[in-house]
Each structure stands twice: as C-alpha cells, then as structure tokens.
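# A closer look at the structure
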Amino acid sequence: MRTLALYVAAGIVYVAIGVAIPDFLYASTVAAVYLVVAVWGIPELVRRQRAR
Amino acid sequence: MSWAAHDLEPYVFQRKLGIGVAIVPLLIGSYSPDILTKWFVYGIDVFGVHLQASDPAQFHRGWPGVGFTHSLLFGVALAWLVYLLTKSKVWAVSFLLGNWAHDVSDIGDTLGTMLLFPFSTHLVSLGAWAYAGQTGRLTDAAAYFSGFGGIWDAFWLVCALLSWRVLTSDYFRKVILPADPVVMGRLMRRYPEDLVLVLYRAMFFYGFARLVAWMIWAHIVHDYPFDLSWGGPHWVEAAGR
C-alpha cells in the first residue's frame, strides 16, 4: 500500500509538472529518471538519514 | 501516430505471453519505428537553427522518406539483427512483437503506414484519427487527445490496468527475471531489486501519467474541442485526409 501511494504521489506531481510544462511529457527517458528519483531515490535518502 | 499506446501495449503483451517474451525488447521494439526520426518530424532548434523535414508527414511515413521504419519487413530485419547481437530468440521475438504493434497501431490515423514496404508504398490506413505531426508537437498532442486517438490510448490503458498483476514484485521475480537474463539479470546483479523494479514499471507509469496529463492540458487548461467523428478532430489539418 505504501508503494502504491508513492507511485500515485509521483504520478500526481508528474502530471502537474507536465501540464505546466508540456515539454516534460515528451521524453520517456525523463519520465524514467523522474520515477527513479521520486519513488526510489528520495525514499532511499530519507531512509539513510533516519538510519544515522 | 499513437502516443501512450506504445508505452502500454508491451505490458499487456507481457501479461498475456508470460515467460515467452521479455519486457525490455518489447519496449525497445515498440519505440523503434520513431526512435531516431520523430525529432525531425516536429523539428528542433539547434544553436538558433531550426531543423525540420520540409514535408514532415512524407518524411515520417512515406517513400522517399523514413516511412519504411513502419513496415513489417523492416521490423523483421531489425529483429534478425537483435538475434545476431543477443543470440536470444526471446529478445528477437519480443522486439518484433513490439515493433509490429507500433506499426499496426499507427494505421489507425489518417496517414497510415507502409506496412508492406518494399513490396508496396501504399499507406495502409483506417483513418480513425487525424495525423497532425506536421502541425507541431503541441497541436499534434491536442489533436490526438481530442479524437479517436485518445480513445485508442484509453483502450490500452484499460487493458494495461486489467493486466495490473504484471506490475507486482511477485510477477517480476517469477516471470520478468527468468524471461530476460540478458538485461534484467545483469541489472539485478548490479543494483538493488527495488530500484530495478522501479525501472521495470517506468514506461507503464509514463504511459498512464502522460495520457492523464495531456487530457488535462488539452481540455481543462486549454479548450481544444473533442471531436470523436471518424478521422477527427476536424479542426486540425490532417495529413492523408
């Protein structure tokens, strides 16, 4: 459920950015990098910060 | 041309065909007809110089032009090359399936594709939605998501959502990894599983999210009218109509 919530949140932000800046929507590579950062990178950073 | 359909079809095929296909070559195959040429259809500015085909529709789908990239035989040739490079039948078949899905999806627009090239330069077209690539990428997007093109993408989104199990970590471990030791296996040896899983899901996310974003952009932020008549929307100048 937490994972799904992360993807949904990432999707809402992606759509908001894309609607404001349509160029953001054209590249699949941008979407892949965005998703990795939003769904894996940021939670991983937070996890490491908490572990310290 | 189609938009989110090219992102979502591979996941639906993956769900239906299971371990017999691999997602990475399915996706590469699905993007392959346009991957090197689309920028020249829409045009780009490089150091103040605008680069664009003088006749974008002819360039994209015709001959002379690069329309052969949307032919069935070109897909076979590329799949053969994939087989020579990878020695993997799964990769070659998956690539071909993705490539052909793209070629066949694109016959839905008013311009169509040269499916039977080099035996024929006839553009096979159902004419269901307007081909508007020559109008620029924003108008093209607005037109596509105002006509049957948007319905076509929505159809594939529904199919993909019905195939939701393909996105689970359990399916990833039982089907995706064994089906593709070439790429997925290597990625798993180098990176954490949760990162590889995110990458695996990325194009599904992209297809879903960009479909929603374009719909909002075209019909809420802007006021492009829906036109679900055959070959529509008719407010845009469509090639091949």
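What counts, and at which threshold
Residues numbered from 1 in each chain as written. Chains lettered and ligands numbered in written order. Predicted model: local features only at pLDDT ≥ 70, side-chain atom pairs only at ≥ 80, totals over all residues. Contact = placed C-beta atoms within 7 Å. Helix = DSSP H or I, 4+ residues; strand = E, 2+ residues; numbered from the N terminus. Nonpolar A, V, L, I, M, F, W, Y, C, P; charged D, E, K, R; others polar. pLDDT = per-residue confidence, 0-100. Axes fitted to C-alpha atoms, helices over the stretch in contact; angles between N-to-C directions. Parallel < 35°, antiparallel > 145°, perpendicular 65-115°, else oblique. Left-handed = near helix turned anticlockwise from the far one by under 90°. Expected span 1.5 Å × (residues − 1). Buried ≥ 20, exposed ≤ 12 C-beta atoms within 10 Å, placed from the backbone.

## Here's the deal with the interface of chain B and chain A
Each partner contributes to the interface: chain B provides 19 residues, whereas chain A provides 16 residues. Ranked by the residues each element gives to the side of chain B that touches chain A, the list is headed by helix α11 (residues 193-221) of chain B, at 17 residues. Of the residues belonging to the side of chain B that touches chain A, the class tally is 16 nonpolar, no polar and three charged.

## A look at the confidence of the model for chain B
Where the model shows low pLDDT, its predicted coordinates should not be examined in detail. Per-residue pLDDT for chain B averages 97, and the proportion of residues at 70 or more is 100%. Among the scores for the predicted complex, ipTM is 0.97 and pTM is 0.96.

## Description of the packing of helix α1 (residues 4-17) of chain B against helix α6 (residues 89-105) of chain B
Residues and elements named next belong to chain B. Running from N to C, α1 and α6 point in directions that differ by 135 degrees, and their axes come no closer than 10 Å. Looking at the two axes, α1 sits oblique to α6. You can see that α1 and α6 cross each other, and the crossing is right-handed. Contacts between α1 and α6 involve Ala5, His6, Glu9, Pro10 and Phe13 from the first element and Leu97, Gly98, Ala101, His102 and Ser105 from the second. When its residues are assigned to classes, the contact of α1 with α6 shows five nonpolar, four polar and one charged.

## A few points about α1(B)
Residue and element names in this part refer to chain B. Along its 14 residues, α1 runs 20 Å from first to last C-alpha, staying within 8% of the 20 Å computed at 1.5 Å per residue. When you tally the buried positions in α1, you get eleven out of 14 residues, the bulk of the element. Considered for burial, the residues of α1 that qualify are Ala4, Ala5, His6, Asp7, Leu8, Glu9, Pro10, Tyr11, Val12, Phe13 and Gln14. As for α1, its buried residues are in contact with α2 (23-31), α6, α8 (148-162) and α11. Once α1 ends, the next one or two residues include Gly18, with phi positive near 60 degrees.

## What to know about unusual backbone geometry
Residues and elements named next belong to chain B. A cis amide bond, omega 10 degrees, links Phe117 with the succeeding residue Pro118. Tracing the sequence through the fold places Pro118 in the loop between α6 and α7 (137-144). For the peptide bond that leads from Gly232 to Pro233, omega is 5 degrees, which places it in the cis range. Here Pro233 shows up in the segment after α11. Within the chain, Phe47 stands out as a residue other than glycine whose phi angle is a positive 50 degrees. In this fold, Phe47 is placed in the loop between β1 (44-46) and β2 (49-51). A residue is classified by how many C-beta atoms lie within 10 Å of it, and Phe47, with 4 of them, is exposed. Positive phi outside glycine occurs at Lys87, with the angle close to 60 degrees. As for its placement among the helices and strands, Lys87 is situated in the loop between α5 (72-86) and α6.

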